[in-house]
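Read off the chains here:
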Amino acid sequence: MLRWQSLALQVILAASILAFADTSTEPKEPSNAPYQCRASAWVRAPDMVPGDIIAGDVRIKLNGSCDDAESYVLGLRYKERIFWKLRRQDAPILKRPEFKHNNMDSNRDLFQVWMPSKQVMTPDYNETEWMAYQNSVQNKELWSLHEEERIAFEIKTPLIGAKGAERLTTTFTTQFGILVPNTNYPPGVDYRHSSWMIHSWGDTDVIYSESIYEYFVEIWFGNGTISEIPAGITSFTPLYVSTKNDALSGNLFIAPADPGRSLEPVALRSNYTIELSFPDGVYQNSSVNIMATVHRMGYTNRTDAPMELCAILSGANIIEWHPQELKNRSYPFMQFIKTLVPSVQHSQLLTVSPPFNPHPCRGISFAAAPADLTGEGHISSSSSEPLSLSIHMSHDAVPDFSTYYQKLGHVLDLNLHVKPDPSEPWEQNSGKTQWEKQTAGMDETDFDWVPCLPLIQTRRRYLFGKASLSVVSMQEQRPVRSNPVHYLSDEARQPTFVDVPDIADLRSMSPEERDLIAPFTQPSITVFAKGEELRSRYFTDYVIEGQPIYVGDTWAHKVLSATAKGQRERDTMDHLLLVQ
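Notes on the structure follow. (Residues numbered from 1 in each chain as written. Predicted model: local features only at pLDDT ≥ 70, side-chain atom pairs only at ≥ 80, totals over all residues. Heavy atoms only, no water.)

A look at the overall build of the protein chain
Inference 1: Check the secondary structure of the protein chain and you find 8 helices and 28 strands.
Inference 2: Taken over 580 residues, the protein chain has a buried fraction of 42%.
Inference 3: Counted over contacts in the protein chain with a minimum sequence separation of 6, partners at least 24 positions apart contribute 83%.
Inference 4: Carbon and sulfur atoms make up 54% of the accessible area of the protein chain, which totals about 32300 Å². (Helix = DSSP H or I, 4+ residues; strand = E, 2+ residues; numbered from the N terminus. Buried < 20%, exposed > 50% of the residue type's maximum accessible area, 1.4 Å probe, protein only. Contact = heavy atoms within 4.5 Å. Areas by Shrake-Rupley, 256 points an atom, 1.4 Å probe, with all protein chains shown as cover.)

Here you go:
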């Protein structure tokens, strides 16, 4: 874990530097610049918010022989993509052969050497079976690969230079402004440290998506070459008009994670449902209490009893895929992600966040069945006392949002611990056999001399259920406005660059007037050719040097903090002058 934390720190310090290595003369198409010229570009800017106007600055630096550079252009785009590798429905994969190995005995071989090409020590397997299995997995004709990309918007503005102009300044800095229309775009998601977590065996389906808000700089050269330089990634915070905080409620049926493990007919066991009540929206960096009541329906002569209820909030994940090809496809690997939030805000938020238990569990108070019915096989229902489960939503939780390729959301996992009736058969892999070996020859009086308890006292049955929990982005106090348009609607508009001197006048206009300045979106979709598909394209796995800088961090650390410091110094000076 410490290694990945160290790598994450290095990402913040990495620079967006590109070395040019090609001399393509394709006119007015992004390509590589002359070999002798190297360029770097950085942007400092706050995140985008619907109906806002942001101001930022950009720095461009040329190194080497760049005499042919004629002009600079600043750009911003939002793009999203999806990749999948799906096994054909009519092409089942052979069952993975088993292998045996013995690495449990620490005294077995004091001089055992781990071979780089082997995952386990001294594997014992059938090579013929494994070769057949491998050929089945690697037969590409039995798989469907697809990658496509959607560019929601791409905007540009010239910075300096023109045909016949003097030689460009090799170190250039200027300000820029962006008018953001009252359109909700997806939240900026940080894939830099999450893509490496998504791995799977070659015999499984793979579904992966990415999105990115990226600044870039184009350098135009006299020979018609255009070189695009990455200048950092940014984020977007979708907003919603506040509504009354209604509580949602409903009953959730829970069941074993693997119903096939039980050898007992389901009809003999009690059925449990959980009645939940929680807010219809939970803000980032906030805690919420979820009220739960456990209901039991079963025979009165059975002594099973719920003991504990646990609520576990999973990280943001994709809860629904939109492409038709992915319908009815189960993907076993969750893609946990978080939103981009400036690290300065991280520290401030963490200092005010209340302490919380990330996996809260509560004991259940359940009324016993009437004494006159316990000896008979009557069916009855009973309910627990209401209990409160506290859930904390982190500051970087991804708000719920439906994008072009998927729906982002959060899932609340509920785990009910039940003490089973002694007559219930043991489930598979319950540990009973091993426990019986350890306690062979012991009776109840012997348990006072060993730390373990009789297994019948600690035996538990686990039931699981899931509930969707809606997350809303933190919102500053802003004037009441109409609900922003969704970026996939026909009325959606895209951001546009504006002149910095005009920002004050634009802010004095009404949101409706400003929206008319922003053009309607003109998205485009590209399907990658067969053989060119990549699982991850925007963010690299493990390679920290290739990860982009989040410009919101730079803005918070170097611009916002300096502005706040200057304001404090001015306030101090005003106070001294007043005292004098």
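Moving on from the model shown.
Quick notes on the packing of aromatic side chains
Inference 1: In total, this model carries 12 aromatic pairs according to the counting rule given.
Inference 2: Residues Tyr-78 and Tyr-487 carry aromatic rings whose centres are separated by 6.4 Å and whose planes lie at 75 degrees to one another, so their mutual orientation is edge-to-face. Highlighted residues: Tyr-78 in strand β5 (residues 69–87) and Tyr-487 in the loop between β26 (485–486) and β27 (496–498), separated in sequence by 409 residues. Taken as a pair, Tyr-78 and Tyr-487 share a single burial class, namely buried. (Phe/Tyr/Trp six-rings, centres within 6.5 Å; stacked < 30°, edge-to-face > 60°.)

Overview of the state of the cysteines
Inference 1: Here the structure, examined in full by the defined rule, presents 2 disulfides.
Inference 2: Between Cys-37 and Cys-66 runs a disulfide, and the two sulfur atoms are separated by 2.1 Å. Torsion about the S-S bond of the Cys-37 and Cys-66 cystine: about 105 degrees, corresponding to right-handed handedness. One end of the pair, Cys-37, is in strand β3 (residues 37–44); the other, Cys-66, is in the loop between β4 (53–64) and β5, with 29 residues separating them in the sequence. Note on accessibility: Cys-37 and Cys-66 belong to one class, buried. (Disulfide = S-S within 2.5 Å.)

Concerning the pattern of salt bridges
Inference 1: Within this structure, the stated rule accounts for 15 salt bridges.
Inference 2: Among the ionic pairs, Glu-214 bridges to Arg-77, the shortest N-O distance being 2.7 Å. With a gap of 137 residues between them, Glu-214 in strand β10 (residues 206–221) and Arg-77 in strand β5 connect regions that are remote in the sequence.
Inference 3: Close ionic contact of Asp-413 with Lys-466 constitutes a salt bridge, the shortest N to O distance being 2.5 Å. Of this pair, Asp-413 sits in strand β23 (residues 406–419) while Lys-466 sits in strand β24 (residues 461–469), and the two are 53 residues apart along the sequence.
Inference 4: Counted as one network, the salt bridges with shared partners bring together Arg-77, Lys-79, Glu-154, Lys-156, Glu-214, Glu-218 and Glu-228. (Salt bridge = Lys/Arg side-chain N within 4 Å of Asp/Glu carboxyl O.)

Observations concerning empty space enclosed by the protein
Over the atoms rolls a probe the size of a water molecule, and its path tells where empty space is left.
Inference 1: Counting across every chain of the model gives 2 cavities of 30 Å³ or more.
Inference 2: Looking at the largest cavity, its volume works out to about 50 Å³.
Inference 3: Looking at the largest cavity, the residues that line it are Tyr-78, Glu-80, Pro-186, Pro-187, Val-189, Tyr-191, Ser-211, Thr-403, Gln-406 and Leu-408.
Inference 4: The residue inventory of the lining of the largest cavity, partitioned by class, reads 6 nonpolar, 3 polar and 1 charged.
Inference 5: Approximately 40 Å³ is the volume attributed to the second largest cavity. (1 Å grid on protein atoms, 1.4 Å probe; cavity = no way out; pocket = protein on both sides within 12 Å on 5 of 7 lines; lining within 4 Å. Points joined across faces, edges and corners; volume = space filled by probe spheres on them. Nonpolar A, V, L, I, M, F, W, Y, C, P; charged D, E, K, R; others polar.)

Considering the nonpolar core
In a soluble, globular protein the nonpolar side chains are often hidden away together inside.
Inference 1: With 38 residues, the main nonpolar core has Val-43, Leu-74, Phe-176, Tyr-215, Val-217 and Ile-219 as its most contacted residues.
Inference 2: Listed by contribution, the elements that provide at least two residues to this core are β3, β4, β5, β6 (143–160), β7 (171–179), β10 and β11 (226–234).
Inference 3: Ranked by size, the runner-up nonpolar core spans 26 residues in total, among them Ile-274, Leu-387, Met-393 and Val-471. (Core = buried A, V, L, I, M, F, W, Y, C linked by side-chain atoms within 4.5 Å.)

Looking at the pairing of β11
Inference 1: The buried fraction of β11 amounts to 7 of the 9 residues, a majority that puts the element mostly inside the structure.
Inference 2: Taking the residues that link successive antiparallel strands as the turn, the β10-β11 hairpin has 4 residues, and the phi of Gly-224 there is positive, at about 90 degrees. (Pairing = 2+ DSSP bridges.)

Notes on a nonpolar patch on the surface
Inference 1: Residues Tyr-404, Leu-488, Ile-525 and Val-527 make up a contiguous nonpolar surface patch of about 330 Å² in total accessible area.
Inference 2: Among the secondary structure elements, Leu-488 is positioned in the loop between β26 and β27. (Patch = residues over 30% accessible without salt bridge, like charges linked within 9 Å, V, L, I, M, F, W, Y side chains within 5 Å.)

Considering unusual backbone geometry
Inference 1: Despite not being glycine, Asn-285 has its phi angle at roughly 55 degrees, a positive value.
Inference 2: When you line up the elements, Asn-285 lands in the loop between β14 (282–283) and β15 (286–299).
Inference 3: Judged by its relative accessible area of 17%, Asn-285 falls in the buried class.

Description of the environment of Val-58
Inference 1: Structurally, the position occupied by Val-58 is in strand β4.
Inference 2: As for Val-58 and Val-43, which are separated by 15 residues in sequence, their C-alpha atoms are 4.4 Å apart.
Inference 3: In this structure Val-58 touches Trp-42, Val-43, Leu-74, Leu-159, Phe-172, Thr-173, Thr-174, Phe-176 and Val-217, once residues within four positions along its chain are discounted.

Side note on the side chain of Ser-473
Inference 1: Within the fold, Ser-473 resides in the loop between β25 (471–472) and β26.
Inference 2: There is a polar contact of 2.6 Å between the side chain of Ser-473 and the backbone oxygen of Pro-238.
Inference 3: Sequence-distant contacts of Ser-473, defined by excluding residues within four places in its chain, comprise Thr-237, Pro-238, Tyr-283, Gln-284 and Pro-399. (Polar contact = N/O pair within 3.5 Å; in protein donor to acceptor, adjacent residues only side chain to side chain.)

Some details on the side chain of Thr-403
Inference 1: Residue placement: Thr-403 occurs in the loop between β22 (401–402) and β23.
Inference 2: Here Thr-403 is in contact with Glu-80, Pro-186, His-322, Leu-408, Tyr-487 and Leu-488, once residues within four sequence places are set aside.

Quick word on the pairing of β6
Inference 1: Looking at chain direction, β5 and β6 are connected through 16 bridges and run antiparallel. From the neighbouring strand, Arg-77 faces β6, where its bridge partner is Glu-154.
Inference 2: The pairing of β6 with strand β28 (residues 524–527) spans 4 bridges and is classified as antiparallel. Looking at β28, one finds that Glu-148 is bridged to Val-527.

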